[in-house]
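Okay, here's what each chain looks like letter by letter:
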Amino acid sequence: MSALLYQQRRFSAGLAAALALTLVCCSSLLAPAQNVAEPERLLLAANETDLWLAAVGVDESILHHRGVSGSFESFTPFKAAFARLAPTSERLYAFLEGGRLHVLTAGGWQRGRDLPSGGVPTSLAVVGQTLYGLIPTANVRTSPDAEGASSMLPDTAPLTLLRYDYPQWTVVAACPHGAVPMDDAALAPRLVTLQDTLHMVWLSADGVLRVSALDSSSETPTWAEAQGLPALAGLRAFWFCAVSDLPTVVLLSSNGAASESIQLFRQLGVGGQVATWRAADLRLSELPPDVAAEHIDDVVAFNQHLVLLVQGSDGAAYLQFGRANEPPTESTVAVADIRSGRLDRNRGPTWVQTGAMLTLLGVLLMLVLFRRPAMTDDAQLPQGVATALAIQRLVGFGIDFVPFMIVAGMLLHVDIESGVRELFAWAAGGNPSSGAFPAVATLTWWAIATGMYSVYSLVMELITRRTIGKVLTGTRVVGEQHVEPTVFQVIARNVLRFIELLPVLWVLGFLVVLSRNRQRAGDIFARTLVVRGVPDESEVSKEPEGDEQNTDGE
């Protein structure tokens, strides 16, 4: 009796937690969106796992951040205008318009050490957790408080590299002489990190994009010129970044007309001292209907994608995702929708997620009202049979389902790891109004995978009552009274299986642990069990008696 009461309490507690989670998610969906004023400008910064967007006003900046899961998080407005951002895996460096440095960590904003010369670096980059800045050499000469500044006095290089060694800035090296400050920021020299090594990229006087790596192996770091890429005619801007550690350059050019053309080049190998650059087809996520890209303001690398900050023909700003030679797995995001908390128009409509949440609530209520005894009462099973262990069910599910995930991912060019993380964020109740609704490609991949798996399970169970996963784990499907399940029962449990695999309904998977007979929702409503074979107690009890008699006989 005590065990039964314990099972009832455990199920009630789990069910109450699931209901609470559902109500919280539904309330977040129904929260009204807020209107926000247009920012003066937008700043974009990223590394492979973090994407930062700053909406900068006259005297206020609002940060928005997302990880690879796809969920945007908004921060409390910062009462100053950001000028440049540089993220690491643990912090965000932010220079203000006046030149002050602030650092955002898990503990909040902290005041950093400003550049000795004041002002804002022309470019920022990080290697590990270390910040590097690029400033005019003339500013270093006039800053005797910068450690190592005296070593730069004889040099005529226009630009100097500094490193932020908290709590001070240290001069690292003079930059290549061909790299000169430029009024046009889109063509100015800049820093970039490639494979944990700092590089500098600049447009030389002969129209070639030069890329030099910083060699820090000696006491005096030097720049080693490694690659060169002829610039396009009419070049208006360039961006250099690493997509999955692969050097990638995006060139924006114009032939004098109003339209702009964008080209992508990747470094696919090095021959001698000259890198081999090859053009690639840049495939971008779609903009909303009747909207065209009028101008590209910035390009960064994030989560195996390029992210383009695009000004649309409708006057709105968008984050457009791109990949080389294959379709992106991310959908275009409207910046206004990120800032206002609305679900952007290119992601699924709000009613889809609202309906899924209401479905979860309805399933839980039906379990309580109509099938509660199935949660707490032991199934009547004959000798030699017991309900399958939760680990058996999990392993069997993995054996059956993972191949369909892989095949669907290959067909749709979806990265499985990223897709699963995105779906988990949605299943965990991430706020869809801040962009957590999965990308269309991710949803399509999951729908195809679960559809193929459900059909496969239905066919196998109609014919043999077992799938390959059940055969390998030693389990099979039976009716609640240990009779062969009817065709209707098999169909019902597999139709409900497809519904249970909706990410927002994954919480129902805990029923396998909470229910008395380790049934999932489909089993409970279809009145079926998954069982395993165990030794017959009557046969086991006879063996010691036989041994004892033989001993006595001896």
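Residues numbered from 1 in each chain as written. Predicted model: local features only at pLDDT ≥ 70, side-chain atom pairs only at ≥ 80, totals over all residues. Heavy atoms only, no water.

1. A closer look at the sheet that holds strand β7 (residues 101–105)
Then step 1. The strand order β5-β6-β7-β8 describes an open sheet built from four strands, whose pairing is antiparallel. Across the chains shown, the open sheet's two edge strands, defined by having one partner strand only, are β5 (82–87) and β8 (108–111). The average angle at which neighbouring strand axes cross in this sheet is 25 degrees, direction not considered.
Then step 2. Pairing between strand β6 (residues 92–96) and β7: four bridges, direction antiparallel. The residue of β7 that forms the bridge with L92 is L104. (Pairing = 2+ DSSP bridges. Helix = DSSP H or I, 4+ residues; strand = E, 2+ residues; numbered from the N terminus. Axes fitted to C-alpha atoms, helices over the stretch in contact; angles between N-to-C directions.)

2. Here's the deal with the side chain of E500
Then step 1. Among the structural elements, E500 can be located in helix α10 (residues 487–500).
Then step 2. The exposure class of E500 is buried, given its relative accessible area of 12%.
Then step 3. Reaching out from E500, the side chain makes a polar contact with the side chain of R520 at a distance of 2.3 Å.
Then step 4. Among the polar contacts listed, one links the side chain of E500 to the backbone nitrogen of G522, at a separation of 3.0 Å.
Then step 5. When near neighbours in sequence (up to four residues on either side) are disregarded, E500 contacts L505, W506, L508, R520, A521 and G522. (Buried < 20%, exposed > 50% of the residue type's maximum accessible area, 1.4 Å probe, protein only. Polar contact = N/O pair within 3.5 Å; in protein donor to acceptor, adjacent residues only side chain to side chain. Contact = heavy atoms within 4.5 Å.)

3. Some points on the packing of aromatic side chains
Then step 1. Following the criterion strictly, the structure yields 18 aromatic pairs and no others.
Then step 2. A ring pair is formed by F401 and W446, whose centres lie 5.2 Å apart and whose planes are at 80 degrees; its orientation type is edge-to-face. Highlighted residues: F401 in helix α6 (residues 390–412) and W446 in helix α8 (residues 440–463), separated in sequence by 45 residues. An identical accessibility class is assigned to F401 and W446; each is buried.
Then step 3. Across the ring face of F238, the terminal group of R190 is positioned such that the distance to the ring centre comes to 3.9 Å. (Phe/Tyr/Trp six-rings, centres within 6.5 Å; stacked < 30°, edge-to-face > 60°. Lys NZ or Arg CZ within 6 Å of the ring centre and 35° of its normal.)

4. Section: the sheet that holds strand β27 (residues 475–479)
Then step 1. Strands sit in the order β26-β28-β27 across an open sheet of three strands; the sheet is antiparallel. Strands at the two margins of the open sheet, each flanked by one partner only, are β26 (385–387) and β27. Across the sheet, the axes of successive neighbouring strands diverge by a mean angle of 50 degrees, strand direction being ignored.
Then step 2. Alignment of β26 against strand β28 (residues 528–533), held across three bridges, turns out to be antiparallel. Within β28, the residue paired with T387 across the bridge is V531.

5. Brief notes about unusual backbone geometry
Then step 1. Here the amide bond leading from Y166 into P167 is cis, since omega sits at 10 degrees, within 30 degrees of zero.
Then step 2. As for its position among the elements, P167 is in the loop between β11 (159–165) and β12 (168–174).
Then step 3. In this structure, S244 takes a positive phi of about 55 degrees despite not being glycine.
Then step 4. Structurally, S244 is set in the loop between β17 (235–243) and β18 (246–253).
Then step 5. Looking at S244, the relative accessible area reads 42%, which means it is partly exposed.

6. Concerning helix α7 (residues 416–427)
Then step 1. The terminal C-alpha atoms of α7 lie 16 Å apart, and with 12 residues this matches the ideal 16 Å at 1.5 Å per residue to within 8%.
Then step 2. For α7, the set of buried residues is S418, G419, E422, L423, A425, W426 and A427. (Expected span 1.5 Å × (residues − 1).)

7. Some details on the side chain of H305
Then step 1. Relative to the assigned elements, H305 resides in strand β23 (residues 305–312).
Then step 2. Here H305 falls in the buried class, since its relative accessible area comes to 2%.
Then step 3. Here the side chain of H305 touches N303 through a polar contact of 2.8 Å, landing on its backbone oxygen.

8. Here we look at the packing of α8 against α10
Then step 1. Running from N to C, α8 and α10 point in directions that differ by 165 degrees, and their axes come no closer than 9 Å. In terms of their interaxial angle, α8 and α10 are classed as roughly antiparallel. Viewed along their axes, α8 and α10 form a crossing whose handedness is right-handed. Between α8 and α10, the contacting residues are A447, T450, G451, Y453, S454, S457, L458, E461 and L462 on the first element and V487, V490, I491, R493, N494, R497 and F498 on the second. (Parallel < 35°, antiparallel > 145°, perpendicular 65-115°, else oblique. Left-handed = near helix turned anticlockwise from the far one by under 90°.)

9. A few points about the layout of surface pockets
Then step 1. In this structure, the second largest pocket spans a volume of roughly 1000 Å³.
Then step 2. If you go around the second largest pocket, you meet 41 residues; those closest to its centre are L394, F397, L501, W506 and G509.
Then step 3. Looking at the lining of the second largest pocket, the elements with two or more residues in it are α1 (2–30), α4 (350–370), α6, α7, α8, α9 (468–473), α10 and α11 (511–514).
Then step 4. The element best represented in the lining of the second largest pocket is α6, accounting for nine residues.
Then step 5. Residue classes in the lining of the second largest pocket are distributed as 25 nonpolar, nine polar and seven charged. (1 Å grid on protein atoms, 1.4 Å probe; cavity = no way out; pocket = protein on both sides within 12 Å on 5 of 7 lines; lining within 4 Å. Points joined across faces, edges and corners; volume = space filled by probe spheres on them. Nonpolar A, V, L, I, M, F, W, Y, C, P; charged D, E, K, R; others polar.)

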